[in-house]
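Chain residues, written in single-letter form:
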Amino acid sequence: MLNLRFDNTFVRELPGDPQPGNRRRQVHGALFSRVEPTPVAAPRLVAHSPEVAALLDIPEDTVRSRRFAEVFGGNALVEGMQPYAANYGGHQFGNWAGQLGDGRAISLGETINSRGERWELQLKGAGATPYARSADGRAVLRSSIREFLCSEAMFHLGVPTTRALSLVATGELVERDMFYDGRPRMEPGAVVCRVAPSFIRFGNFELPASRGDHGLLDRLIDFTIRRDFPELDSRRGLPSSAIAGGGNDRLRGVDGTVRAEWFAQVCERTAVMVAHWMRVGFVHGVMNTDNMSILGLTIDYGPYGWIDNFDLDWTPNTTDAGSRRYRFGYQPQVAHWNLGRLASAIAPSFGSLEPLHAGMARFEKAFIEADGRNMAAKLGLAALGPGDEALVEALHALLAAAQMDMTIFFRALARLDLANPATTPFGEAFYDEAKRRELEPALMSWLRRYAERARCGGLAPERRVQAMNAANPKYVLRNYLAQQAIDRAAEGDPEGIHELLDVMRRPYDEQPGREAFAARRPEWARDRAGCSMLSCSS
């Protein structure tokens, strides 16, 4: 029996679309449309996260039941579910795109677990909604596997992220043009159940602002603070002496103070999230404002990728191959730009621009601090000091020139003998033997500089190794690993998914016998579809 307790505040407290059904349309004056998942032919559970099931108080025997697959494949609802698709807009690749909305994502409701935590359940690939535009609202197995695995891999890496409960095959085929080359093919379909405290995005605020619907914008801001930032909402009871504005503006003053701190927290959380991306070598691939969580969670896993050979200019998204807007090294700047779009959208709800400028400044400060902490930990230093920026920049230049594997290099750095540095631990990090021979002297020179710095101002030897191994994962979800699991699943063997998920549960541990999952990208995967760059096709 699937027993979930629902408290659906989003649909209860905010205005919805008066028109029912999934007919494509522009929706004004509403933040969502009620729509039910479209049933599929034969829902079958392929994989699930036991940790997320436990988070939702769902027993393992229930997960294995036919009822579970029916509900999370979109064929049935349980008591308390009130499914809907959210209405939002966004900037895509730097351009305003107007109304976008949940084109193939349907939220089932907000469940409250036994610890009083609120978790929104959302099906991706469960059918068309009013926001599907010309699409079918479905998702294919390959992209669903990637989203399911990455959501959980990122969590275990310590990166703020949405989670994934389940991956359900639909028993139906979906037509997709994977390469956008006019040669579509039929692929197996699937549905992922995504889980997060909130799926509200920057774009949810941008759309009503773009239409001049400031009343709706105010309602959404206050709702978001009340539900998703309750520690700030409690400040509405501040004494008058602590209220900005005072006098007859008492209520406005409380709201203004709270809203200012809310935006600052959004900026700070976004900074911390992106700093973690940089720490583990993750590239989101499509940082449109509609893919930015108001809670600072990594959301919408599409054409993402992990850095193999270190390259600050690499993007995993084929659509972005020309401009490389969403390249690895530019992600902090894009996050700042996206926050600027959010600030512009919510400006009518603020009495002055000063708190918005302060929030943007908080992003910059928070990112520098978080990135500095992360880099110090990656290098085994107590903290970055004078001259360390040059040391880091020299390392990045060297890794790029030598085409060294980022994950393998930093993991190996913990094994360096500081008293007698040598290049031996880094042999597996090189993709090109000729470059290794050419740049080995430069690497040796950098290692001597680093060893001296680590000896003089770093951590005790044992603490240094612990700190580095806690910051530098041994295992990351490389694209070629995910593709191998996808290939096996397409042939009816889901064990590759289960094995990879299990490895990614302990990314910082050595895991004897699983060293193959820590290997650098093989040469055959350099240009193979799904193993390097990916399209947005799903």
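Throughout this description, residue numbers start from 1 for each chain and increase along the sequence as written. It should be noted that, the model being predicted, local features are given only for residues of pLDDT at least 70 and side-chain atom pairs only at 80 or more, the latter also being counted only at that level, while totals for whole chains, interfaces and linings use all residues. Calculation of side-chain values draws on the structure's entire complement of heavy atoms; hydrogens and water are dropped beforehand.

Engineer: Go over the overall build of the protein with me, naming the residues and quoting the values.
Structural biologist: Secondary structure summary: the protein contains 17 helices and 12 strands in total. What you see for the protein is a C-alpha radius of gyration of 24 Å, in line with the 24 Å of a compact globule of 538 residues. Along the longest, intermediate and shortest principal axes, the C-alpha atoms of the protein span 70 × 65 × 45 Å. Per-residue accessibility, obtained with a 1.4 Å probe over protein chains only, is compared with the maximum for each type, and a residue is labelled buried under 20%, exposed over 50%, and partly exposed between these values. A burial count over the protein gives 59% of its 538 residues as buried. The Shrake-Rupley method, run with a 1.4 Å probe sphere, supplies the accessible areas, and residue values consider only the shown protein chains as cover. Carbon and sulfur atoms form 51% of the exposed surface of the protein, whose accessible area is close to 21,200 Å². When charges are tallied, Lys and Arg are placed among the positive residues and Asp and Glu among the negative ones, while His and the ends of the chain are skipped. We put the charge of a Lys on NZ, of an Arg on CZ, of an Asp on CG and of a Glu on CD. The distance from the centre of the 64 positive side-chain charges to the centre of the 66 negative ones in the protein is 1 Å. Under the scheme used here, helices are H or I runs from DSSP no shorter than 4 residues and strands are E runs no shorter than 2 residues, and both carry numbers assigned from the N terminus. C-alpha atoms define the radius of gyration in this analysis, and the globule rule sets the expected value at 2.2 Å times the number of residues to the power 0.38.

Engineer: Please give an account of the side chain of histidine 48 that cites residues and values.
Structural biologist: Note on placement: histidine 48 falls in strand β2 (residues 44–48). Within the structure, the side chain of histidine 48 is placed 3.0 Å from the side chain of glutamate 60, a separation counted as a polar contact. We call two residues in contact when some of their heavy atoms are within 4.5 Å. Each residue touching histidine 48, except ones within four places of it in the same chain, is listed here: Ala53, Glu60, Val63, Arg64, Phe148, Leu165, Ser166 and Leu501. Between N or O atoms, a polar contact is any pair within 3.5 Å; within protein, one atom must be a potential hydrogen donor and the other a potential acceptor, and residues adjacent in sequence are included only when both atoms are from side chains.

Engineer: Could you give an account of the environment of glycine 458, with specific residues and numbers?
Structural biologist: Assignment of secondary structure puts glycine 458 in the loop between α14 (433–457) and α15 (461–471). Linking glycine 458 and serine 293, residues 165 residues apart in sequence, is a C-alpha distance of 36 Å.

Engineer: Outline the packing of aromatic side chains, listing residues and values.
Structural biologist: Within 6.5 Å between ring centres, the rings of Phe, Tyr and Trp (the latter by its six-membered ring) count as paired, and their orientation is classed by plane angle as stacked under 30 degrees, edge-to-face over 60, tilted in between. For the structure on display, the rule yields 21 aromatic pairs. Ring geometry for tryptophan 446 and tyrosine 450: centres 5.4 Å apart, planes at 5°, overall stacked. Separated by 4 residues within a single helix, tryptophan 446 and tyrosine 450 lie in helix α14, roughly one turn from each other. Residue class for tyrosine 450 comes out buried when judged on its relative accessible area of 0%. Charges are assigned to positions over rings by a cutoff of 6 Å between ring centre and Lys NZ or Arg CZ, combined with an angular limit of 35 degrees from the ring normal. Here the guanidinium or amino end of arginine 146 rests over the ring plane of tyrosine 304, the centre of that ring lying 3.9 Å away. Over the ring of phenylalanine 155 we find arginine 163, and its NZ or CZ is 3.5 Å from the ring centre.

Engineer: Could you give an account of the pattern of salt bridges, with specific residues and numbers?
Structural biologist: For this analysis, a salt bridge means a side-chain nitrogen from Lys or Arg found within 4 Å of a carboxyl oxygen belonging to Asp or Glu. One pass over the full model with this rule turns up 40 salt bridges. A salt bridge links arginine 118 to aspartate 7, with the nearest nitrogen and oxygen atoms 2.8 Å apart. With arginine 118 in strand β7 (residues 118–124) and aspartate 7 in the segment before α1 (9–13), this residue pair connects regions lying 111 residues apart in the sequence. In this structure, glutamate 268 engages arginine 362 in a salt bridge whose closest nitrogen and oxygen atoms are separated by 2.8 Å. Note that glutamate 268 is positioned in helix α9 (residues 250–280) and arginine 362 in helix α11 (residues 354–379), a separation of 94 residues in sequence. Overall, the relative accessible area of 31% leaves glutamate 268 in the partly exposed class. We classify arginine 362 as partly exposed; its relative accessible area is 26%. Salt bridges sharing partners connect three or more residues here, namely Asp7, Arg12, Glu13, Glu110, Arg118, Arg226, Arg227 and Asp228.

Engineer: Tell me what's going on with the side chain of threonine 162, and back it up with residues and numbers.
Structural biologist: Along the chain, threonine 162 turns up in the loop between α5 (141–157) and β9 (163–176). Taking the relative accessible area as the measure of exposure, threonine 162 reaches 1% and is therefore buried.

Engineer: Can you tell me about the packing of helix α12 (residues 388–402) against α14, naming the residues and giving the values?
Structural biologist: Fitting a line to C-alpha atoms yields each axis, with helices limited to the stretch in contact; the angle taken between N-to-C directions then spans 0 to 180 degrees. For the pair α12 and α14, the least separation of the axes is 10 Å and the interaxial angle reads 160°. Taken together, the axes of α12 and α14 lie roughly antiparallel to each other. In this structure, α12 meets α14 at a crossing whose hand is left-handed. Two secondary-structure elements touch here, α12 through Asp388, Ala390, Leu391, Ala394, Leu395, Leu398, Ala401 and Ala402 and α14 through Lys435, Leu439, Ala442, Leu443, Trp446, Arg449, Tyr450 and Arg453. Angle categories are assigned with fixed cut-offs, so that under 35 degrees is roughly parallel, over 145 is roughly antiparallel, 65 to 115 is roughly perpendicular, and the rest are oblique. For a crossing to be left-handed, the near helix must be turned anticlockwise from the far one by less than a right angle; the clockwise case is right-handed.

Engineer: Provide a residue-level description of unusual backbone geometry, including the pertinent values.
Structural biologist: Non-glycine residue phenylalanine 93 carries a positive phi angle of around 55°. On the secondary structure map, phenylalanine 93 appears in the loop between β4 (89–92) and β5 (95–99). Even without a glycine there, the phi angle at glutamine 403 is positive, about 50°. Mapped onto the secondary structure, glutamine 403 falls in the loop between α12 and α13 (406–413). With relative accessibility at 24%, the residue glutamine 403 sits in the partly exposed group.

Engineer: So what's going on with the confidence of the model for the protein? Which residues, and what values?
Structural biologist: Think of pLDDT as the predictor's per-residue confidence, scored from 0 to 100. When pLDDT is averaged across the protein, the result is 94; 96% of the residues are at 70 or more. Throughout residues 237–254 the model reports pLDDT below 50, and contacts reaching past four residues in sequence, or to other chains, amount to 10 contacts.

Engineer: Before we move on, could you go through the environment of glutamate 433 and cite the residues and values that matter?
Structural biologist: Secondary-structure assignment places glutamate 433 in helix α14. The spacing of glutamate 433 and alanine 402 is 31 residues in sequence and 9.3 Å in space, taken between C-alpha atoms.

Engineer: Could you give an account of α15, naming the residues involved and the relevant values?
Structural biologist: Turning to α15, its buried residues number three or more, namely Arg464, Ala467, Met468 and Ala471. Seen end-on, α15 carries its buried residues on one side only, within an arc spanning 95°. Our arc is simply the arc of the directions from the helix axis toward the C-beta atoms.

Engineer: Which residues make up the nonpolar core, and what values do they have?
Structural biologist: Membership of the largest hydrophobic core comes to 132 residues, with the highest contact counts inside it found for Trp262, Phe409 and Leu413. The leading source of residues in this core is α9, at 12 residues. By size, the runner-up hydrophobic cluster in this structure holds 31 residues, among which are Val27, Val35, Phe68 and Val168. Only buried Ala, Val, Leu, Ile, Met, Phe, Trp, Tyr and Cys residues count toward a nonpolar core, and they belong to the same one when joined by side-chain atoms within 4.5 Å.

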